[in-house]
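# Topology and contacts: notes
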Amino acid sequence: MSYPEFLAEYGGRYIDGALITAAQFILAAALAIVMALIMGLLKLSSNPIAKGVAVVYIEFFRGTSLLVQLFWLFYVLPLFGLTFDKFTTGFVAVGLNLGAYGAELVRGAIQSVPKGQWEASYALSMSPAAQMRRIILPQAFVAMLPPWGNLIIELLKGTALVALIAVSDLMFEARQINGSTYLSAQAFGTALIIYYIFARFLITPFMRWLERVMARRLGRG
């Protein structure tokens, strides 16, 4: 079977799988960003309980395998009466895992804001919340965007693991097609190309555009 014939036969399944992958990616990214922001701020807290919660979360999800976390959520949690469908389990596992890495990026970016900016906000008698929202976080956001771009691409790659719990994403469809045709080069090569298109022509340009926008808003662009 030629490659054009292969695409004509199975292209629809790859499109369906790519749409599921895109949904998993968007939901996991949203969860990762929320968890990273919350846990990054908590880790900077002077409250030992709040800081302890952040440390436990970050160390647990960074220190264990995403694959093990995925299986634990899908197979072990139901033993304790907490069950998620496979689609939800997929993006929750990926989002929680990458959120732990993102939390350290948030923490580091906030701490990198020049001391003078903190002192200026104190001089203006801002509340801690206003200080963080209006002065610190906008500058930290610009600093954290480049490493976040890499992390978001890693998140995209991580979504491929959800195929192992039968989420019908791009990788799941590629494995199914390979199992029925034994055309491994075409089956996995097509998936490889689609993942590359997502990363190179969608995620990377978006992150670079976001960096330019934020830099201009802060007068750095």
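For the protein, an unreviewed UniProt entry supplies the name Ectoine/hydroxyectoine ABC transporter permease subunit EhuC and the organism Albidovulum marisflavi. Under the heading Sequence similarities (unreviewed entry), UniProt records this for the protein: "Belongs to the binding-protein-dependent transport system permease family. HisMQ subfamily."

The number of helices and strands found in the protein is 8 helices and 0 strands. Element order for the protein, N to C, with α for helix and β for strand: α-α-α-α-α-α-α-α. Within the protein, buried positions represent 43% of all 221 residues. Within the protein, counting contacts between residues at least 6 apart in sequence, those at least 24 apart form 76% of the total. Taken together, the 17 basic and 11 acidic charged side chains of the protein have centroids lying 14 Å from each other.

Quick look at the nonpolar core now. Among the nonpolar cores identified, the biggest contains 63 residues, and Tyr14, Tyr57, Val94, Trp148, Leu155, Leu156 and Ile203 are the most heavily contacted of them. Listing elements by their share of this core, those giving two or more residues are helix 1 (3–43), helix 2 (48–63), helix 3 (66–76), helix 4 (86–112), helix 6 (128–158), helix 7 (170–181) and helix 8 (184–217). With 14 residues, the single largest contributor to this core is helix 6.

With that out of the way, let us pick up helix 3. Leu66, Gln69, Leu70 and Leu73 are the residues of helix 3 that are buried. The buried residues of helix 3 all sit within an arc of 100 degrees when viewed along its axis, so they share a single face. Contact partners of the buried residues in helix 3: helix 2, helix 4 and helix 6. Two to three positions downstream of the cap, the backbone nitrogen of Leu67 sits 3.1 Å from a side-chain oxygen, assigning the N-cap of helix 3 to Ser65.

Let us look at the UniProt feature "transmembrane region" (unreviewed entry) in the protein. When the UniProt feature table is mapped onto this chain, "transmembrane region" (unreviewed entry) is found at residues 20–42, 54–75, 87–106, 141–167 and 187–210. For residues 20–42, the end-to-end C-alpha separation is 33 Å, with 100% helix and 0% strand making up the annotated structure. From the first C-alpha to the last, residues 187–210 spans 34 Å; its make-up is 100% helix and 0% strand.

With that out of the way, let us pick up unusual backbone geometry. At Ala166, a position not held by glycine, the phi torsion is positive, near 70 degrees. Residue placement: Ala166 occurs in the loop between helix 6 and helix 7. Notably, Tyr182 is not glycine yet its phi reads approximately 60 degrees, a positive angle. For Tyr182, the position within the fold is in the loop between helix 7 and helix 8.

Bringing a positive patch on the surface into the picture now. Together, Arg200, Arg208, Arg212 and Arg216 make up a region of like positive charge exposed at the surface. In this structure Arg200 comes out as partly exposed when scored by relative accessible area, which is 36%.

Structurally, Asn97 can be placed in helix 4. Among the polar contacts made by the side chain of Asn97, one reaches the main-chain carbonyl oxygen of Phe61 at a distance of 3.1 Å. Among all residues touching Asn97, those that are not within four sequence positions of it are Phe61, Thr64, Leu66 and Gln69.

Tracing the backbone shows Val162 in the loop between helix 6 and helix 7. Val162 sits in the buried class, given a relative accessible area of 0%. With 141 residues separating them along the chain, Val162 and Thr21 place their C-alpha atoms 9.1 Å apart. Setting aside anything within four residues of it in sequence, one finds Val162 in contact with Gln24, Leu70, Gly90, Val94, Val167 and Asp169.

Quick notes on the rules
- Residues numbered from 1 in each chain as written.
- Predicted model: local features only at pLDDT ≥ 70, side-chain atom pairs only at ≥ 80, totals over all residues.
- Heavy atoms only, no water.
- UniProt positions renumbered as here; feature names shortened; annotations may be inferred.
- Helix = DSSP H or I, 4+ residues; strand = E, 2+ residues; numbered from the N terminus.
- Buried < 20%, exposed > 50% of the residue type's maximum accessible area, 1.4 Å probe, protein only.
- Contact = heavy atoms within 4.5 Å.
- Lys, Arg positive; Asp, Glu negative; His and termini not counted.
- Charge placed at Lys NZ, Arg CZ, Asp CG, Glu CD.
- Core = buried A, V, L, I, M, F, W, Y, C linked by side-chain atoms within 4.5 Å.
- Arc of directions from axis to C-beta.
- Polar contact = N/O pair within 3.5 Å; in protein donor to acceptor, adjacent residues only side chain to side chain.
- Patch = residues over 30% accessible without salt bridge, like charges linked within 9 Å, V, L, I, M, F, W, Y side chains within 5 Å.
- Areas by Shrake-Rupley, 256 points an atom, 1.4 Å probe, with all protein chains shown as cover.
- Salt bridge = Lys/Arg side-chain N within 4 Å of Asp/Glu carboxyl O.

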